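Structure assessment
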Amino acid sequence: MIPAAFDYVAPTSVADALAALAEHGDDAKVLAGGQSLIPILRMRLNTPETVVDLGRIEELRGIREDGDAIVIGAMTPYADVLGSDLVREHLGLLYKAVAEVADPQIRRRGTIGGALVHADPAGDVGAPALALGAEFVITGQGGERTVPAEEFFRDLFETAVEDGELLTAVRFPRHTGWGSHYEKFVRVAHQWSIVAVAAAVRVEGGTIAEARVGLTNMGATPLRAKAVEEALVGKELTEDAVAEACAAAAEGTRPPTDLNGDSDYRRHLATVLTRRAVLAAAGG
Amino acid sequence: MTVADETTAQAEIGRPRRRKEDARLITGRTKWTDNLQLAGMLHIACVRSPFAHATITAIDVEEAKQAPNVVAVLTGQDVKDIQGSLPNAWPIVADQKAPPHPAIAVDRVAFAGEVVAVVIARTPRAARDAAELVDVDYDELPAVLDLKKAAADEVIAHPDLGTNISAHFELHSHEIGTGGNVEDAIRDAEVVFEREYRQQRLIPAFMEPRSVVVDPTGEQFVMWSSTQVPHILRLMLALTLGVPESKLRIIAPDVGGGFGGKLQVTPEEVITFLAARHTGRPVKWTETRSESLLAAHHGRDQWQRLTLAAKKDGTMLGLKVELLADMGAYLGLVTSGVPILGANMFNAIYKIPSYTFICDNVFTNKTWTDAYRGAGRPEATFAIERLVSDFAAHIGMDPMEVRKKNWIAHEEFPYATVSGLEYDSGNYEAATARAEEMFGYAALREEQRRRREAGEKVLLGIGISTFTEACGLAPSRALGEANYGAGGWEHASIRMLPTGKIEVVTGSSAHGQGHETAWSQLVADKLGVPFEDVEVLHGDTQIAPRGMDTYGSRSLVVGGSAVLKAAQKVIEKAKPLAAHLLEANVDDIEFDKGQFTVKGTDTGVGIGDLALATFAAHNLPDMMEPSLDAEATFDPINLSFPHGTHLALVEVDTETGKVALTKYVAVDDIGNAVNPLIAEGQVHGGLVQGISQALWEEAVYDDEGTLVTGSFVDYTLPTAADTISFETDRTVTPATTNEMGAKGVGEAGTIASTPAIVNAVVDAVRHLGIDDIRMPLTPERVWKAIQSAGQEQQAATPATQQPHFGDAPNQDTPETDAAVSGAEVGGPDSMSPDTTPGDGAER
Ligand SMILES: Cc1cc2nc3c(=O)[nH]c(=O)nc-3n(C[C@H](O)[C@H](O)[C@H](O)COP(=O)(O)OP(=O)(O)OC[C@H]3O[C@@H](n4cnc5c(N)ncnc54)[C@H](O)[C@@H]3O)c2cc1C
């Protein structure tokens, strides 16, 4: 379909972008890779008066080291994440999850920041960001603030980024030497996750020393399976021990019911997929 | 000469040529309808009903009319006296009931997606913007959505009809004299085996969305349409609108797929025509993908109840088929005939002494259905191939053995079937033997057993489909007997150009099949000219004035035959000229490889030289008209009956219910192949489409009659990433009803593969007590079937005391089956509140 008419601005700095947002207020919408926003506009589910395109802001793009963290600019496309040695080496889980997003065309245009702010519960970067304890750098006219992952995802399609603010970067603590796996369950390859599990584990001498487990599409926001993480610590790397620790993966979740499965089925899937993800993470 | 000789040295026929149309189609550097830009062209946006059934109480178009760049707004009231009723060409019974089928609804809508108003504007965006301003008031009426409930007439889709039953059709072998009375067979049988299967609703998701441009040039209207059927469209538009046929020129430029979905005369074609006539300007309508999913016709959607009478040793004695077929809200071009195309095919390759087919065509308040790749035959093939496998399990026989016991042996051809067809040729033994050899059947059965015994979580299943089908829709007389509104012939002409080049004009209307290549190969061999010298023209009623178009795997066997017939006429016409120039007796002239020679000599003249001589016309025999051109119309004496044996291997992950296809062997017998590469392509594409019905696709409506699978996010089509490399081969039993010995191949893969997959999945879990899972076999359905089978087994009689699986509580009664409830009643209402998409929630 054809979007309703809108004005278009393409600032070249964060400051200008913030000024544009301030000027247009509620009637403005930020455009990143457009892979979620453009379909929304085309179906006229949203009809902003002004679209503020972040595509020309160089400072929002790129991946760099900063002490213990790897910092990824909000406008960094998935494809650049996949091409980054830093990510591969220190953020294996993110790498594996991003590799599962949609298809190559969408990964070329879609951005890490856009995906995280869009906050679709079936999106594939939220759970790893949560599991890896990412920090979100949010910039407004009043300056910059940093929000931990637990506080970033508020509800369905709702994050800590307020009107008039931009997500500018995401800081991921390095997880060098961790094993990781993203277990995505879909019916057809290009589909959004029905359920997915992001797992990172640090194995020491055959036992699990630390574990991080994030769940995709098991509720209104990405979830962290803390009970599973705790149960895994100190466990020997056997199928039975891991299965036991993962049995509670779905506890307390309220997954959706849709054409791909009802919430009971999703709870069951989460349990199976968590076990598989952890075992795969520990194995590789 | 038989052109089917695949061994001739440089023969074109049998050569796996790449298609000459590929470069332009693959790069998109061609004329799709939507690419057309005409000076002063206007654009259409449709306003569609959000309700499944409602009275239109008022439409306010004033604001839309005032919007910038809007030229006109049309409602049903504006066009009710001129729009006619969209055609149904197949009244299957004399008392068939159908509501008028308006292009724009006048005072009532009968499905969500029906057009209620049309905005015509100078740009597509202006049209869309103004469409949002059209204000329609509706009074909702009760809608009937469930096929079984509709058949019970509790709620009526079209109150004026008083019933939802459009037609009741019966065929009994004892009445048409082809067999006994099935009720006798059922009464006397040792085993009576009953099953009910569901054909879910599908959407023919062609790659190029539909598009129409109409140019009212002076007296004549030129319509470009992304259609499979320019000739039928021309005739039907003339009849529907009362415009002289001679004033209509229809052009189907390159068309990006159809699968039956463009075998239609659409509301939007009529609307675009009316808009062009109303404004006197060229008008374009191109649908969005959402519109396509919502309002282009859907396919399949049947309940199928089968009763098999048999002996304990597996011998089939009688088959009774009872269908409910969902028409949706209206009858389209052949909507009513689709289930009837399966009437003669449930008996398939089997010798069954008695047969009954009963079908109720039923209206619901959903998008109307019509032909979708295979139309009627996939439904029939699915049901019989599922039934035979289930029956084999029921009597404890190997599913392949039951087939072998009952199929028509190759020496029994030609074979008159119990449903009234005559199969001209076939060799089921050969195709099956080859498939078994390629598949490694015995070793895989062993591995299947090993996994079960080891208690592994990923189980193997083997699925069989020994299908046949009837295609090449023809002959005309038989279609007439079936009350079909048209004939089954095809037309072709050949134009011999002075330079020796040849133009072939065909009434077939390719939309991705590769006719230009195949027809060139036919003519190159027949007339002995280089492939490159042949040009194929089609898809424009002014260039190819007569035709029956492309559907039902008919183009090669019918259209190709017409081309050969025309070419033969060229040869016959040229012979007297050759004799004249060679100063020989015409009876002594022989034609071979492009050369006319005098018998027993080496004096000769080439066909190209004769074309030039005819052009010059300086020295022709007395009375000869200066032309070698010829035209021909071919009406076959019978359908063609491709068959094959397909074997599928799947892995079922019992922990998640996920099915993975791991091996697929398809051995098809399509007779002689003119271009084996094209044939193979048709098989591959067909397989994916059939597999997709088994595993992925379903059009789902919510309780309000809103299409839930309204985008490709929810209507899950596969991509290359979801398929595997198929192992294909062919056995060759030539058809006897056309010169090429060819049979249709366009639908075979789709028809064969669906039951192969479902049989494989059921085979993997049958030992758990599961005998059916409804399509598509989503992981959730498979997992729930496994879960509930376990529970039932615990509660019910021990398996050893159960005489038959079929007697155990059945998996296939979906209304009570936990395995399917989630998806069937899915959609907004059953979603937990926090997943209902709000602003910006659309993926
Ligand atoms: C066919 C298809 C399949 C897909 N499959 C998957 C999949 O399998 N898994 C998956 O995870 N995703 C999938 N996606 C979504 C894809 O990952 C999107 O790219 C992503 O959700 C949004 O990123 P974007 O850069 O395109 O953002 P946009 O669409 O441009 O923006 C998304 C939203 O975020 C806001 N926004 C963007 N950037 C910022 C910022 N820096 N600050 C504040 N607000 C901002 C926008 O205003 C908008 O509301 C799919 C998309 C498509 C079209």
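Let me sum up the structure you'll find in this document. Because the structure is a prediction, the values reported are computed rather than measured. (Residues numbered from 1 in each chain as written. Chains lettered and ligands numbered in written order. Predicted model: local features only at pLDDT ≥ 70, side-chain atom pairs only at ≥ 80, totals over all residues. Heavy atoms only, no water.)

Structural notes on the overall build of chain B
Within chain B one finds 22 helices and 28 strands. Its C-alpha atoms give chain B principal-axis dimensions of roughly 95 × 75 × 50 Å. In chain B, buried positions account for 63% of the 843 residues. Taking contacts inside chain B between residues at least 6 apart in sequence as the whole, the part at least 24 apart equals 79%. Carbon and sulfur atoms form 51% of the exposed surface of chain B, whose accessible area is close to 29500 Å². (Helix = DSSP H or I, 4+ residues; strand = E, 2+ residues; numbered from the N terminus. Buried < 20%, exposed > 50% of the residue type's maximum accessible area, 1.4 Å probe, protein only. Contact = heavy atoms within 4.5 Å. Areas by Shrake-Rupley, 256 points an atom, 1.4 Å probe, with all protein chains shown as cover.)

Notes on the overall build of chain A
Within chain A one finds twelve helices and 14 strands. The C-alpha radius of gyration computed for chain A amounts to 19 Å, which stays within 12% of the reference 19 Å derived for 284 residues, consistent with globular compactness. On the principal axes, the C-alpha backbone points of chain A span a range of 60 × 45 × 30 Å. For chain A, contacts bridging at least 24 residues in sequence account for 61% of all contacts bridging at least 6. Put simply, chain A shows about 11200 Å² of open surface, and 45% of that area lies on carbon and sulfur atoms. Treating the 27 positive side-chain charges of chain A as one cloud and the 41 negative ones as another, the clouds have centres 5 Å apart. (Rg over C-alpha atoms; globule rule 2.2 N^0.38 Å. Lys, Arg positive; Asp, Glu negative; His and termini not counted. Charge placed at Lys NZ, Arg CZ, Asp CG, Glu CD.)

Quick word on the site of the ligand
All names here are of chain A. The full set close to the ligand counts 28 residues, and Val 30, Gly 34, Leu 37, Tyr 78 and Thr 111 are the nearest of them. In this structure, Val 30 approaches the ligand through a main-chain N or O atom, which is 2.5 Å from an oxygen atom. The backbone of Leu 37 places a nitrogen or oxygen atom 2.7 Å from an oxygen atom of the ligand. Alone, the ligand offers 970 Å² of accessible surface; in the complex the protein occludes 91% of this. Breaking the shell around the ligand down by element, the ones donating at least two residues are β2 (28–31), α7 (112–118) and β10 (166–173). Take the shell around the ligand: its biggest share by element is four residues, from α7. Residues of the shell around the ligand, tallied by class, amount to 15 nonpolar, ten polar and three charged. (Near = heavy atom within 4 Å. Polar contact = N/O pair within 3.5 Å; in protein donor to acceptor, adjacent residues only side chain to side chain. Nonpolar A, V, L, I, M, F, W, Y, C, P; charged D, E, K, R; others polar.)

Re the sheet that holds strand β12 (residues 195–204) of chain A
Residue and element names in this part refer to chain A. What the four strands build is an open sheet, ordered β11-β12-β13-β14; its pairing is antiparallel. Two strands in the sheet have a free side with no partner beyond their single neighbour: β11 (179–185) and β14 (223–224). Where β12 lies against strand β13 (residues 207–216), nine bridges are found, and the strand directions are antiparallel. By the bridge assignment for β13, Ala 198 is matched with Gly 214. With respect to the sheet, helix α12 (residues 263–283) is in contact with β11, β12 and β13, its orientation differing from that of β12 by roughly 30°. (Pairing = 2+ DSSP bridges. Axes fitted to C-alpha atoms, helices over the stretch in contact; angles between N-to-C directions.)

Regarding helix α9 (residues 267–279) of chain B
Residues and elements named next belong to chain B. The end-to-end C-alpha separation of α9 is 18 Å, in line with the 18 Å expected for 13 residues at 1.5 Å each. α9 sits mainly inside the fold: eleven of its 13 residues count as buried. Here α9 has its buried residues at Pro 267, Glu 268, Glu 269, Val 270, Ile 271, Thr 272, Phe 273, Leu 274, Ala 275, Ala 276 and Thr 279. One or two steps after α9, the chain reaches Gly 280, where phi turns positive at roughly 70°. (Expected span 1.5 Å × (residues − 1).)

Overview of the pattern of salt bridges
Residue and element names in this part refer to chain B. Tallied over the entire structure, the rule returns 78 salt bridges over all chains. Glu 196 is paired through a salt bridge with Lys 148; the nearest N and O atoms lie 3.0 Å apart. Residue Glu 196 is located in strand β8 (residues 191–202), and its partner Lys 148 is located in helix α5 (residues 147–151); the two are separated by 48 residues in the primary sequence. With a relative accessible area of 10%, Glu 196 lands in the buried category. Here the salt bridges share partners, and the residues they tie into one network are Arg 195, Arg 386, Asp 390, Arg 766, Asp 771 and Asp 772. (Salt bridge = Lys/Arg side-chain N within 4 Å of Asp/Glu carboxyl O.)

What about the environment of B:Thr33?
Mapped onto the elements of the fold, B:Thr33 is located in the loop between α1 (22–27) and β1 (42–48). You can call B:Thr33 buried: its relative accessible area is 0%.

Some thoughts on helix α11 (residues 377–395) of chain B
Every α-helix winds through 3.6 residues per turn, so residues three or four apart in the chain are directed the same way. Residue and element names in this part refer to chain B. With 19 residues, α11 extends 27 Å between its outermost C-alpha atoms, agreeing within 8% with the 27 Å of an ideal straight helix rising 1.5 Å per residue. Of all the 19 residues making up α11, 17 are buried; the element is thus mostly covered by neighbouring parts of the structure. Residue Gly 396 follows α11 closely and has a positive phi angle near 70°.

A word on unusual backbone geometry
Residue B:Phe413 is joined to B:Pro414 through a cis peptide bond whose omega torsion reads -5°. One can find B:Pro414 in the loop between α12 (399–406) and β16 (415–416). Cis geometry is adopted by the peptide bond preceding B:Pro776, which originates at B:Met775 and carries an omega value of -10°. The backbone phi angle of A:Phe157 is positive, close to 55°, even though this residue is not glycine. Its identity as a non-glycine residue notwithstanding, B:Phe259 has a phi of 55°, on the positive side. Turning to its location among the elements, B:Phe259 is positioned in the loop between β11 (248–251) and α9.

Focus on the packing of helix α16 (residues 515–527) of chain B against helix α17 (residues 555–582) of chain B
Residues and elements named next belong to chain B. Here α16 crosses α17 at 35°, and the two axes come no closer than 10 Å. Seen from above, α16 lies across α17 with right-handed handedness. For the pair α16 and α17, the contacting residues are His 515, Trp 519, Leu 522, Val 523, Lys 526 and Leu 527 in the first and Ser 555, Leu 556, Gly 559, Gly 560, Val 563, Leu 564, Ala 567, Gln 568 and Ile 571 in the second. Classifying every residue of the contact of α16 with α17 gives nine nonpolar, five polar and one charged. (Left-handed = near helix turned anticlockwise from the far one by under 90°.)

Digging into the interface of chain B and chain A
Counting residues at the interface gives 43 residues for chain B, matched by 40 residues for chain A. Across the interface of chain B and chain A, roughly 3700 Å² is buried in total on both sides, 57% from carbon and sulfur atoms. Inspection of the chain B/chain A interface yields five salt bridges. The residue A:Arg44 makes a salt bridge to B:Asp129 at a minimum N-O spacing of 2.6 Å. At the boundary of chain B and chain A, one finds 14 residue pairs in polar contact (both at pLDDT 80 or more). Put simply, the parts of the chain that give the side of chain B that touches chain A at least two residues each are α4 (124–131) and α21 (779–795) of chain B. Residue composition of the side of chain B that touches chain A, grouped by class: 16 nonpolar, twelve polar and 15 charged. (Buried area = accessible area lost by both parts, 1.4 Å probe.)

Structural notes on the packing of aromatic side chains
Counting across every chain of the model gives 17 aromatic pairs over all chains. Between B:Tyr423 and B:Phe641, the aromatic rings sit 4.7 Å apart at their centres with planes inclined by 45°, giving tilted as the arrangement. Taken together, the residues span a long stretch of sequence, with B:Tyr423 in strand β17 (residues 422–423) and B:Phe641 in the loop between β25 (630–634) and β26 (643–653) at a distance of 218 residues. A residue is classified by how much of its surface remains accessible, and B:Phe641, at 1% relative accessible area, is buried. Ring centres 4.4 Å apart and planes at 40° place the aromatic pair B:Phe591 and B:Phe596 in the tilted group. Both residues of the pair, B:Phe591 and B:Phe596, count as buried. By way of ring pairs, the aromatic residues A:Phe136, A:Phe152 and A:Phe153 are connected into one cluster. (Phe/Tyr/Trp six-rings, centres within 6.5 Å; stacked < 30°, edge-to-face > 60°.)

Examining the sheet that holds β10(A)
The strands making up a sheet associate through backbone hydrogen bonding, with each pair oriented either parallel or antiparallel. Residue and element names in this part refer to chain A. An order of β4-β5-β10-β6-β7 is seen for the five strands of this open sheet, with the pairing classed as antiparallel. Two strands bound the open sheet, and with one partner strand each, they are β4 (63–66) and β7 (143–148). Between one strand axis and the next, the sheet turns by 25° as a mean value, whatever way the strands run. Two strands pair when backbone bridges link them, and strand β5 (residues 69–73) and β10 are joined in this way by five bridges, in the antiparallel orientation. Note on β10: the bridge partner recorded for Gly 73 is Ala 169.

A short note on the environment of B:Ala748
Residue and element names in this part refer to chain B. Here Ala 748 is to be found in helix α20 (residues 748–765). A residue is classified by how much of its surface remains accessible, and Ala 748, at 0% relative accessible area, is buried. Remark: the alpha-carbon pair of Ala 748 and Asp 669, spanning 79 residues in sequence, is separated by 9.6 Å. Once residues within four sequence positions are removed from consideration, Ala 748 is found in contact with Phe 467, Glu 469 and Asp 668.

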